[in-house]
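# Architecture and fold: a report
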Amino acid sequence: MGNILRCFKGEEDHDHYPYYRPTSGQPGNCDQAAAAPPPTHQQVPGSHGVAALALDLLNFESTSMVPEGLSQNVTSSRKAQVKWYRNILEAYKNTRPPPKTPAEAAQLVAAALSRIQRDDLEGVLAFYNLPIPSHPAASASSDHFPSSLPEGIQFVLNTLPVSNRCIGDGDGFTAYVDTTDPRESATVPLEVHELVIARTQARSDRDYQTADALLSTIGEAGYKIITISGEEILARKYRIRMRGIDAPELNMPYGKESQNALVKLIGGRSVTIYVYGQDQFGRYVGDIYCDNVFVQEQMLKCGHAHHFKTYDKRPEFAKWEREARDSNRGLWASQNPEKPWDWRREQRNGRQDAVLVY
């Protein structure tokens, strides 16, 4: 598996990985080494830190098993732990060079597990005697990624990948959150669980008409079954309104361009949403981060949306809009683009006039 196999074959980092060597055949013979599953770090006396993590990732790739002792450090299910190790393994494979120090390994784990509960993340790091990063999700990608929850935030959502079809315009979209998330798991109604079980049974019986009807009922309850990498996931639906910006409506000039800009930023990706509350339409209003980029910042700086001054007084938002306007970016390429709130008011007044005429 790339970096990890090279380490354990002895091609690099002998000092970090002294424990696992092929016991028969020529040194570094992958066929001989693969004859038996690699050990976990708990089976190798003295392994800790970076070496322990590498051992367990090598074992996971071979067996899809997470370390037995991990459950003593975390509260989430074994199924959730398997997802964690899949994410860590993918991050490890994509890291060049592989982490050499405990701090580097801790940053890798924190980034790969940015969606899990803080207590569980700290439990995983403690399991490997790795330090806890000061800002596990922070990145140089944005100067405005919060290192702690700002005042007013009610809760945080970590979503599944956002479908392009669920992005309605440049400031709103529908997102889904895995119900194995600790925040969600305790709130799934019993009747939803029963519907899921009944659907599974109907599919097993090849009664697809009943299964489809049950799936529709699950949707009406605010949930959806999403298939990712061949695995069905029960997810909760959230309608999201991005805080502090207002993008042109689809029927307005630059409406489609604004929507497309948001698709490029978050389409097909998981996002983190810092939720401040709900609006009058039941949408959750929040700040959106994707790959550690502050999405509203990008929408404003590139001229894809207006600063919604009526509802958000943050000075940086005004600054970003001003920069885009002065540079004639995006919608500001037009001399005097119509504001979305004015356009909506005119639409409402037009409808009311039509009713009076009728």
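Residues numbered from 1 in each chain as written. Predicted model: local features only at pLDDT ≥ 70, side-chain atom pairs only at ≥ 80, totals over all residues. Heavy atoms only, no water.

## Let's talk about the packing of aromatic side chains
Pairs of aromatic rings are described using the distance from one ring centre to the other and the angle between the two planes. Counted by the stated rule, this structure contains 11 aromatic pairs. Taking 6.0 Å as the distance between ring centres and 70 degrees as the angle between the ring planes, the aromatic pair formed by Phe-155 and Tyr-284 counts as edge-to-face. Remark: Tyr-284 occurs in strand β7 (residues 284–290) and Phe-155 occurs in strand β1 (residues 155–158); sequence separation between them is 129 residues. By the burial criterion, Phe-155 is buried, and Tyr-284 matches it. For the pair Phe-308 and Tyr-311, a centre-to-centre distance of 4.9 Å together with 70 degrees between the ring planes defines the contact as edge-to-face. Given the relative accessible area of 11%, Phe-308 is considered buried. Through a chain of ring-to-ring contacts, the aromatic side chains of Tyr-274, Tyr-289, Phe-294, Phe-317 and Trp-320 assemble into a single cluster. A cation over a ring is seen here: Arg-243 above Tyr-276, with NZ or CZ 3.7 Å from the ring centre. If you follow Arg-325 out to its NZ or CZ, it ends over the ring of Trp-332, 5.5 Å from the centre. (Phe/Tyr/Trp six-rings, centres within 6.5 Å; stacked < 30°, edge-to-face > 60°. Helix = DSSP H or I, 4+ residues; strand = E, 2+ residues; numbered from the N terminus. Buried < 20%, exposed > 50% of the residue type's maximum accessible area, 1.4 Å probe, protein only. Lys NZ or Arg CZ within 6 Å of the ring centre and 35° of its normal.)

## Examining the packing of helix α3 (residues 49–63) against helix α4 (residues 78–93)
Where α3 contacts α4, the axes come no closer than 10 Å and their chain directions differ by 110 degrees. Accordingly, the angle class assigned to the pair α3 and α4 is roughly perpendicular. Mapping the contact onto sequence places Leu-53, Ala-54, Asp-56, Leu-57, Phe-60 and Glu-61 in α3 and Val-82, Tyr-85, Arg-86, Ile-88, Leu-89, Tyr-92 and Lys-93 in α4. Considering only residue class, the contact of α3 with α4 consists of 9 nonpolar, no polar and 4 charged. (Axes fitted to C-alpha atoms, helices over the stretch in contact; angles between N-to-C directions. Parallel < 35°, antiparallel > 145°, perpendicular 65-115°, else oblique. Contact = heavy atoms within 4.5 Å. Nonpolar A, V, L, I, M, F, W, Y, C, P; charged D, E, K, R; others polar.)

## Focus on the environment of Ala-126
Within the secondary structure, Ala-126 is located in helix α6 (residues 118–127). A relative accessible area of 43% means that Ala-126 is categorised as partly exposed.

## Quick look at the confidence of the model for the protein chain
Any residue range with low pLDDT should be treated as having predicted coordinates unsuitable for detailed reading. Scored by pLDDT, the protein chain comes out at a mean of 82, with 80% of its residues at no less than 70. Taken together, the stretch residues 1–35 has pLDDT below 50 and engages in 57 contacts with residues farther than four places along the chain or on a different chain. Below a pLDDT of 50 lies the segment residues 135–141, which in the model reaches 14 contacts outside its immediate sequence neighbourhood of four places, other chains included. (pLDDT = per-residue confidence, 0-100.)

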